[in-house]
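Listed here are the chains, written in short residue letters.
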Amino acid sequence: MSAPGPELMVEMYAAMLRVRLFEERARELFQRGRIPGFLHTSVGQEAVAVGVAAALRTDDYVLSTHRGHGHLVAKGGSLRGLMAELYGKANGICHGKGGTMHIADVSVGYLGANGVLASGCVVAPGVGLSIKQRRSGQVVVTFFGDGAANRGPFHEGVNLSALWTLPVVFVCENNRWASSTAHTRSTAGGSIAARAAGYGIPGESVDGNDVVAVWDAVMRAVERARRGDGPSLIEAHTIRWVGHFEGDPQAYRGKDEVDEGRRRDPIARLERVLTEHGRLDAAHAARIRESVVAEIEDAVAHAEASPLPRGEDALNDLFAYYPWAD
Amino acid sequence: MKLDFGDALNLALREEMRRDPRVYCIGEDIVLGLPFGVTKGLIDEFGPDRVLNAPISEAAIVGSAFGAAVTGLVPVVDMHFADFVTCAMDEVANQIAKSRYMFGGQLDCPLTLRMPYGIGKSGGGHHSNSVEAWFVNLPGLKVAIPSTPADARGLLKTAIRDPDPVLVFEHRALYRVVGDVPEAEVLVPLGAADVKRPGRDVTVIATARMVHESLEAARRLAEEGVEVEVVDPRSLVPLDRETLAASVRRTHRVVVAEEGVMRGSAGAWLAWVVMEDSFDELDAPIARVAAPNVPIPFSPPLESFVMPAADDVIAAVRHVLK
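Calculation rules
Residues numbered from 1 in each chain as written. Chains lettered and ligands numbered in written order. Predicted model: local features only at pLDDT ≥ 70, side-chain atom pairs only at ≥ 80, totals over all residues. Heavy atoms only, no water. Buried < 20%, exposed > 50% of the residue type's maximum accessible area, 1.4 Å probe, protein only. Helix = DSSP H or I, 4+ residues; strand = E, 2+ residues; numbered from the N terminus. Pairing = 2+ DSSP bridges. Axes fitted to C-alpha atoms, helices over the stretch in contact; angles between N-to-C directions. 1 Å grid on protein atoms, 1.4 Å probe; cavity = no way out; pocket = protein on both sides within 12 Å on 5 of 7 lines; lining within 4 Å. Points joined across faces, edges and corners; volume = space filled by probe spheres on them. Nonpolar A, V, L, I, M, F, W, Y, C, P; charged D, E, K, R; others polar. Domains from an automatic or database assignment. Contact = heavy atoms within 4.5 Å. Buried area = accessible area lost by both parts, 1.4 Å probe. Salt bridge = Lys/Arg side-chain N within 4 Å of Asp/Glu carboxyl O. Polar contact = N/O pair within 3.5 Å; in protein donor to acceptor, adjacent residues only side chain to side chain. Patch = residues over 30% accessible without salt bridge, like charges linked within 9 Å, V, L, I, M, F, W, Y side chains within 5 Å. Areas by Shrake-Rupley, 256 points an atom, 1.4 Å probe, with all protein chains shown as cover. Parallel < 35°, antiparallel > 145°, perpendicular 65-115°, else oblique. Left-handed = near helix turned anticlockwise from the far one by under 90°. Right-handed = clockwise from strand over helix to strand, strands pointing away.

## With respect to helix H2 (residues 46-54) of chain A
Turning to step 1, where the next piece is worked out: Most of H2 of chain A sits out of view: 8 of its 9 residues are buried.
Turning to step 2, where the next piece is worked out: Among the residues of H2 of chain A, those classed as buried are Glu 46, Ala 47, Val 48, Ala 49, Val 50, Gly 51, Val 52 and Ala 53 of chain A.

Set out below in structure tokens:
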């Protein structure tokens, strides 16, 4: 196992905090009715998003899920663009057409959140194929949840990527719940990482609340992919602190699981490590928090001040070329 | 030159793959060119990196084509049989059709889906259906439906060059139909209907195999002095409404002929378009020729019963002339 350098660890700490505080702020704004739709946040799962993104280049691609804000924030997406999009504003990154679950920021390689589970698993091999044909040395990571691993596209996508030795990293974010259905009640065999063996590729189970462990596993998978040795599957075990959606009463699980999640808080954990090694003190941590809060408040102010789209803007952006008036 | 419909498509693929190194073909059994010969021999000219024989994984074939299209390649997917698109319907309906829109125009998706489809030779319920209406009903997709070898070649080339996803419906009964194809590299634009036979009495708007059935009907009706104009829209999305309307201004009577089932079909949309654009020009209600609302059956007499043909077009023409 390799270790990230101290600067990178501090960057990962800041990045996790950025995801956490962004998500917490989004929840609050949603509860106050500022954000329409349904909101799925990744509070508690930050180490997966950040561990993955820290192992990637800016031009590497990410395919995300319905719980994807964290992936985009970690990949370096604009907080202003993201927040304005959550608000449904005209200058949101998708002009208000995507919203929380259908957002993309192609400028940072984030090819899209997805409202349909495991859909990215079959898109990824095509991105991998394009990378391979273009000899660009990029990789593509596709995130999916434990529930999505039971859909056909997961299997089709892993098979094709393995068959054609494509530069894809499959990252399963196992937060134990597919909406309200427990992983243990939906997944034969239990381990998703173990499914990799059937396709002849590396499969690894990691502590998804340990950002260093996630980073390390993804680094190895990314190196393998860049070498041209093909895909890997990583199952990162984590805990969702919040409901499936904002407002979910969570009658299906006890409070003890969230307590466990909080005890294993990935941010507090890294903070302890950094503090013990003299890489972070209280003043430095406070400065990081202050700067992250400022970025988020700037994004919120931007979103609040931004105009709503005009109704007729619903008719734009469908095609790249459509001169017909039929 | 004389080419059959399948060879005209093969020529279009060769021309486009020569022109643009980003173009590649993917599908099941395409190295051998099965089942209809359209991709036959491409492997010899373009090699295995550009002619990808995929496992039987429709979701991965279509989904990966989407991923490739949005990151710099130009895929041409062979759906094998259009019926199998159901196994990749999320990829077509939710990813390919919607991504550009949902993402506010950030992505272009230059992707072509070749859809071999249609009734014939006892293909049965999973190999014979006309499913074009499903895609006409999905905003974000363009839908071409050629009837002749020249149109097949010209529309497939246009589809491959188009920056948006285009489905090309290839009726499998037409693959061995021979026709004149220009020596020159001629592109047929989307949204340009073609009058396949001029006539003053009745307009028959027909697609794919029904163009040929309608031309046969027109020949037989001409013997009785009835002059039928056969108009082929050639693409359903976009639709050349003006050519349809111009024809109705000449004939004032319309039959819409398709092979899909009657209910909720592409022909129902065409009939509504004619009604909206040309209501004041019409001297009779629009008549429709389509299959009855059942899946396509196997046994020859059953199959032939549900298959719309020239006789049905003739009956419909007589009906609108009453």
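## Points about the sheet that holds strand E12 (residues 235-237) of chain B
All names here are of chain B.
Turning to step 1, where the next piece is worked out: Ordered by their spatial adjacency, 7 strands build an open sheet running E3-E2-E4-E5-E7-E6-E12, and the pairing between neighbours is mixed. Only two strands of the sheet have a single neighbouring strand rather than two, namely strand E3 (51-53) and E12. Each strand axis lies, on average, 20° off the axis of its neighbour in the sheet, ignoring direction.
Turning to step 2, where the next piece is worked out: Note: strand E6 (residues 142-144) against strand E7 (residues 166-171), 3 bridges, orientation parallel. Bridge pairing links Ala 144 to Val 168 in E7.

## Notes on the layout of surface pockets
If you roll a probe as big as a water molecule over the atoms, it shows you where there is empty space left.
Residue and element names in this part refer to chain B.
Turning to step 1, where the next piece is worked out: For the largest pocket, the calculated volume is near 310 Å³.
Turning to step 2, where the next piece is worked out: Mapped onto the lining of the largest pocket, the elements with two or more residues apiece are helix H6 (132-136) and E12.
Turning to step 3, where the next piece is worked out: A per-class count over the lining of the largest pocket returns 13 nonpolar, 1 polar and 1 charged.
Turning to step 4, where the next piece is worked out: Residues lining the lining of the largest pocket come from more than one domain, with at least three contributed by each of domain 1 (2-180) and domain 2 (194-321).
Turning to step 5, where the next piece is worked out: The calculated volume of the second largest pocket comes to roughly 270 Å³.
Turning to step 6, where the next piece is worked out: Considering the residues around the second largest pocket, the lining is formed by 20 residues, among which Asn 129, Ser 130, Trp 134, Gly 260 and Val 261 are closest to the centre.
Turning to step 7, where the next piece is worked out: Looking at the lining of the second largest pocket, the elements that each hand over two or more residues are H6 and strand E13 (254-261).
Turning to step 8, where the next piece is worked out: When residues in the lining of the second largest pocket are grouped by element, the largest group, 4 residues, is from E13.
Turning to step 9, where the next piece is worked out: Split into classes, the residues belonging to the lining of the second largest pocket amount to 9 nonpolar, 7 polar and 4 charged.
Turning to step 10, where the next piece is worked out: Residue assignment places the lining of the second largest pocket across two domains, with domain 1 (2-180) and domain 2 (194-321) each supplying three or more.

## Some thoughts on the interface of chain B and chain A
Turning to step 1, where the next piece is worked out: The interface of chain B with chain A comprises 47 residues on the first partner and 42 residues on the second.
Turning to step 2, where the next piece is worked out: Taken over both partners, the interface formed by chain B and chain A buries close to 3,500 Å², and the fraction arising from carbon and sulfur atoms is 64%.
Turning to step 3, where the next piece is worked out: Together, Thr 71, Tyr 101 and Gln 106 of chain B form the three largest contributors to the area buried by chain B at its contact with chain A, with a combined 19%.
Turning to step 4, where the next piece is worked out: Our enumeration of links across chain B and chain A arrives at 0 salt bridges.
Turning to step 5, where the next piece is worked out: At the junction of chain B and chain A, the tally comes to 22 residue pairs in polar contact (both at pLDDT 80 or more).
Turning to step 6, where the next piece is worked out: Every element with two or more residues in the side of chain B that touches chain A is listed here: strand E2 (23-27), E3, helix H3 (58-69), helix H4 (89-96) and helix H5 (99-102) of chain B.
Turning to step 7, where the next piece is worked out: Broken down by element, the side of chain B that touches chain A gets its largest block of residues, 8 residues, from H3 of chain B.

## Overview of H4 of chain B
Turning to step 1, where the next piece is worked out: Judged by how many residues are buried, H4 of chain B sits mostly within the fold: 6 of 8 residues are covered.
Turning to step 2, where the next piece is worked out: Residues of H4 of chain B that are buried: Asp 90, Glu 91, Val 92, Ala 93, Gln 95 and Ile 96 of chain B.

## Let's talk about the side chain of Glu 257 of chain A
Residues and elements named next belong to chain A.
Turning to step 1, where the next piece is worked out: Along the chain, Glu 257 turns up in helix H9 (residues 255-263).
Turning to step 2, where the next piece is worked out: Residue classification places Glu 257 among the buried positions, given a relative accessible area of 12%.
Turning to step 3, where the next piece is worked out: Setting aside chain neighbours within four positions, we find Glu 257 in contact with Asn 175, Arg 176, Trp 177 and Ile 239.

## Re the sheet that holds E13 of chain B
Residue and element names in this part refer to chain B.
Turning to step 1, where the next piece is worked out: Reading across from one edge, E9-E11-E10-E13-E14 is the order of the 5 strands in this open sheet, with mixed pairing throughout. Where the open sheet ends on each side, the last strands, each with one partner, are strand E9 (194-197) and strand E14 (287-291). Taken pair by pair, the neighbouring strands of this sheet meet at an average axis angle of 25°, ignoring direction.
Turning to step 2, where the next piece is worked out: Pairing of E13 with E14 involves 4 bridges; the strand directions are parallel. Opposite Val 256, over in E14, you have Arg 288 as the bridge partner.
Turning to step 3, where the next piece is worked out: Along the sheet face, helix H12 (residues 310-321) touches strand E10 (202-206), strand E11 (228-232), E13 and E14 and points at about 160° away from the line of E14.

## Let's talk about a nonpolar patch on the surface
Residues and elements named next belong to chain B.
Turning to step 1, where the next piece is worked out: A grouping of Trp 272, Met 275 and Phe 279 is seen on the molecular surface, where their side chains present a nonpolar patch of about 310 Å² in accessible area.
Turning to step 2, where the next piece is worked out: Mapped onto the elements, Met 275 comes out in helix H10 (residues 266-278).
Turning to step 3, where the next piece is worked out: Residue class for Met 275 comes out partly exposed when judged on its relative accessible area of 34%.

## A few points about the pairing of strand E4 (residues 74-78) of chain B
Residues and elements named next belong to chain B.
Turning to step 1, where the next piece is worked out: Most of E4 sits inside the fold, with 5 of its 5 residues counted as buried.
Turning to step 2, where the next piece is worked out: The alternating pattern of E4 places Val 74, Val 76 and Asp 78 on one face and Pro 75 and Val 77 on the opposite face, and all of these are buried.
Turning to step 3, where the next piece is worked out: Pairing of E2 with E4, which is carried by 5 bridges, proceeds in the parallel orientation. Of the residues in E4, the one forming a bridge with Cys 25 is Val 76.
Turning to step 4, where the next piece is worked out: As paired strands, E4 and strand E5 (residues 112-117) are joined by 3 bridges and run parallel to one another. Each residue of the ladder has a partner; that of Val 77, found in E5, is Leu 113.

## Remarks on the packing of helix H1 (residues 6-31) of chain A against helix H10 (residues 266-276) of chain A
Residues and elements named next belong to chain A.
Turning to step 1, where the next piece is worked out: Packing of H1 against H10 leaves a shortest axis separation of 10 Å and a crossing angle of 155°. By the angle between their axes, H1 is roughly antiparallel relative to H10. Seen from above, H1 lies across H10 with left-handed handedness. On H10, the residues that touch Met 9, Val 10, Met 12, Tyr 13, Met 16, Leu 17 and Arg 20 of H1 are Pro 266, Ile 267, Leu 270, Glu 271, Val 273 and Leu 274.
Turning to step 2, where the next piece is worked out: Residues that form the contact of H1 with H10 fall into these classes: 11 nonpolar, no polar and 2 charged.

## Quick look at the pairing of E7 of chain B
All names here are of chain B.
Turning to step 1, where the next piece is worked out: Of all 6 residues making up E7, 6 are buried, and the element is well covered by its neighbours.
Turning to step 2, where the next piece is worked out: Of the two faces of E7, the one lined by Val 166, Val 168 and Glu 170 and the one lined by Leu 167, Phe 169 and His 171 are each fully buried.
Turning to step 3, where the next piece is worked out: As paired elements, E5 and E7 share 6 bridges and run parallel to each other. Residue Met 115 lies in a different strand from E7, and its bridge partner there is Phe 169.
Turning to step 4, where the next piece is worked out: Taking the sense of rotation as the criterion, the β-α-β connection linking E6, helix H7 (residues 149-161) and E7 turns out right-handed.

## Some words on the domain arrangement of chain B
All names here are of chain B.
Turning to step 1, where the next piece is worked out: Examined at the domain level, chain B breaks down into domain 1 (2-180) and domain 2 (194-321).
Turning to step 2, where the next piece is worked out: With 29 residues of domain 1 at the interface, the matching set in domain 2 holds 29 residues.
Turning to step 3, where the next piece is worked out: Interface area lost by domain 1 to domain 2 is led by Ile 119, Ser 122 and Ile 145, which between them contribute 29%.
Turning to step 4, where the next piece is worked out: Residues Asp 151 and Lys 196 are paired through a salt bridge, measuring 2.6 Å at the closest nitrogen-oxygen approach.

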